[in-house]
Amino acid sequence: MLVLIRHALQKLTPFIVEICQIAGTPGLSLAVLHENKEIYQFHFGYRDVAAKLPTDENTTYPIASLTKAFTSSIAGILVDEERLEWTTRLRDIIPEYKRSDTAANITITDLLNHRTGLPSYDALWLLSNNYLPLKRTEAIPILNYVPAVRPLRTDFIYNNMAYEVIGQTIEKVTDSKYAAVLKSRILEPLGLNRTVYTDAPADMENSAKAYAPLENGEPVEIPPAVQGEDAIIGPAGGIRSSVKDMLSIYKAFMEAANFEIENKGQPDPKNPFKQMHQLWRGMVGMPFSSLREYSYASGWVRAQLPAILGLDSPSPGPGGNGRVGYGLPSRLALLHQGVIPGSTAFAGLFPESSSAVIVLANSFGLADTVRIVGELLIETMFDNNITVEDYVGFARKTASSSSCYLSKIKKRLMAERTVLKPANPLEFYTGRYENSIGNFHIDIIQQDEKLRVSFMGRANDTFDLHTHQQDSFFWILSHNENARLARFPSFPKSYYILKFGCKEQGFRKRWSGERVGCLVWKHETTEPGGGEVFHRKSQKYRQIWGYAVQQFLSKHFGYL
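Residues numbered from 1 in each chain as written. Predicted model: local features only at pLDDT ≥ 70, side-chain atom pairs only at ≥ 80, totals over all residues. Heavy atoms only, no water.

Brief notes about the sheet that holds strand 2 (residues 37-48)
Convention followed: We call two strands paired when DSSP finds no fewer than two bridges between them. Secondary structure elements are defined from DSSP: runs of H or I of at least 4 residues count as helices, runs of E of at least 2 residues count as strands, and each element is numbered from the N terminus. Two residues form a contact once any of their heavy atoms are found within 4.5 Å. Axes here refer to lines fitted to C-alpha atoms; in helices the fit is confined to the stretch in contact. Angles between the N-to-C directions go from 0 to 180 degrees.
Within the open sheet, the 9 strands sit side by side as 3-2-1-14-13-12-11-10-9. Their pairing is antiparallel. A single partner strand is all that each edge strand has here, and the edge strands are strand 3 (53-54) and strand 9 (284-285). Alignment of strand 1 (residues 27-34) against strand 2, held across 8 bridges, turns out to be antiparallel. Looking across to strand 2, one finds that His-34 is bridged to Lys-37. Sheet strands in contact with helix 1 (residues 2-10) are strand 1 and strand 2, and its direction is about 20° off that of strand 2.

Below you can see the structure in the form of structure tokens.
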């Protein structure tokens, strides 16, 4: 039977190549495990396009959010050693975490399962060219100030910052760096040498470069994501690995889980993974309509197939009725995807048959290459009756939609315009606006006769503003401009609009009228209302002006 399945998987090769070419994915590696045996590998394209260096089983890719399963596993090891408990409150480990609402009581389990009710505010920690403007020390202040958008332990709200904080909790409990704990507790026991935290070492060859596709699918190289051992969000998405190592890791995961089931919860002393019965337990339902289980389980989506796969919202795939496994007997799947500009990853585990599918790619493609290919491999591995050409057609359809997405957003913004000129003089809007804890700022600057927005004052994050409605403006990029800046191409329309308000009186002699005191930016989709309010730093400008006067008097008149 395995021979027949292997042959069926091998026949997919030309279709996988076509999907990659449609999506503008320059390099991809995949592997399939079934009945605890590796039965198929395939490697497409280049890890380095310019040098034409091919991919293989040892090529390392950033695995993005597949990192979360590693982080939760380390937490499981510490619980097994009684150094943590699943019910341990964050504030008992990190006393700097302080809130006055029910989120003050969030636990390790809440953080691992995205049930804190707190939004991630991802737009604050990732800017153009994969630049991380915040330090790890900002993670707790961010969790302290973000508004709760759901009651504690009631809803699934995906939160990368929660996993950063789990990483810091691991460091506090072990008195060691996250990278050192990962290496000593997981990588070394499993004998893995192609898996690293954040940066690939300088002497590690065979590392995939990061790319983004232009409208025509041509890949452009972009800076890699999550660089440096102290990069924020590392414990949420900072690991690099190869398909060969990932298969070894997932095999060990399933062996540990099956051992615990057969031995009434007792862990396998020879396996580094512990507490699998808890880690793979669904702890919060995901917002999908399904009669079957679809929940989140500490770094994994736990789904009873057939099911529509996805993390943030149900998104039917190309398979039968849009559901993976449609027409087959129901089976448990543990799944996750990883996405960051320049890298995507897909993993599916099926512990009842000791099966796994892993797909890694070095591009955020025009189509969701890793998911389409991953679903195709799953259906073929379980001998489902599918039409392979449907997957190619689905890739072509989604790639076409993706390539014109931003132009459609621009058309909608232009159609909503109610004013062609600003309602007030340009200096009415200019200034620096900060969030309530002062770790993220937006500059509105005047250049000639137009306004520009500059996020964190960075040249690569400075864009022209266009009038939208009364005291509101928008900014937008073309698909190719967006790709060359390594920016996510899928933000909703509201992300590109800035609304001004909170009028305040002027203080400069050359201008004595009103000016706005705040702007509102809806960068977080899970947060209801108009968005986050950023306040003008008027007092800061007064201080700067006062300092300049003091320096002038001191220089010319000797005043102190």
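Resuming the write-up.
Brief notes about the state of the cysteines
Heads up, the condition is: Two cysteine sulfurs form what is called a disulfide whenever their separation falls within 2.5 Å. Partly exposed describes any residue whose relative accessible area lies between the buried limit of under 20% and the exposed limit of over 50%, with all areas from a 1.4 Å probe on protein chains only and scaled to the type maximum.
Scanning the model with the defined rule gives 1 disulfide in all. Cys-502 shares a disulfide with Cys-518; S-S distance 2.0 Å. Handedness here is read from the sign of the S-S torsion; for Cys-502 and Cys-518, about 70°, the answer is right-handed. Highlighted residues: Cys-502 in strand 21 (residues 497-505) and Cys-518 in strand 22 (residues 514-521), separated in sequence by 16 residues. For Cys-518, a relative accessible area of 2% gives the class buried.

Regarding the packing of aromatic side chains
The condition is simple: Working definition: rings of Phe, Tyr and Trp (its six-membered ring) pair if their centres are within 6.5 Å, and the pair is stacked with planes under 30 degrees apart, edge-to-face with planes over 60 apart, and tilted otherwise. To sit over a ring, a charge needs its Lys NZ or Arg CZ within 6 Å of the ring centre and within 35 degrees of the ring normal.
Applying the stated criterion to the full structure yields 30 aromatic pairs. When the centroid spacing of 5.9 Å and the interplanar angle of 85° are considered together, the rings of Tyr-121 and Tyr-145 count as edge-to-face. Here Tyr-121, found in the loop between helix 5 (108-112) and helix 6 (139-145), pairs with Tyr-145, found in helix 6; they are 24 residues apart in sequence, far enough to count as distant. Across this residue pair, the class does not change: Tyr-121 and Tyr-145 are buried. Their ring planes at 90° and their centres at 6.4 Å tell us that Phe-488 and Phe-491 sit as a pair that is edge-to-face. An aromatic cluster is present here, built from Phe-364, Phe-440, Phe-455, Phe-463, Trp-475, Phe-488, Phe-491, Tyr-495, Tyr-496, Trp-521 and Phe-534 joined pairwise through their rings. Over the aromatic face of Tyr-163 sits the side chain of Lys-68, whose NZ or CZ is 5.6 Å from the ring centroid.

Points about empty space enclosed by the protein
Note the following rule: A cavity, in this analysis, means grid points on a 1 Å lattice covering only the protein atoms where a 1.4 Å probe fits yet has no way out; a pocket is instead an open set bounded by protein on both sides within 12 Å along at least five of seven lines, and a residue lines either one if it has an atom within 4 Å of a point. Grid points are joined across faces, edges and corners, and a volume is the space filled by probe spheres set on the points. Charged means Asp, Glu, Lys or Arg here, nonpolar means Ala, Val, Leu, Ile, Met, Phe, Trp, Tyr, Cys or Pro, and polar covers whatever is left, Gly included.
Applying the stated criterion to the full structure yields 3 cavities of 30 Å³ or more. Its volume calculated, the largest cavity comes out at about 120 Å³. Contributions of two or more residues to the lining of the largest cavity are made by strand 6 (210-213) and helix 15 (479-484). Here the residues of the lining of the largest cavity are counted per class, giving 11 nonpolar, 5 polar and 1 charged.

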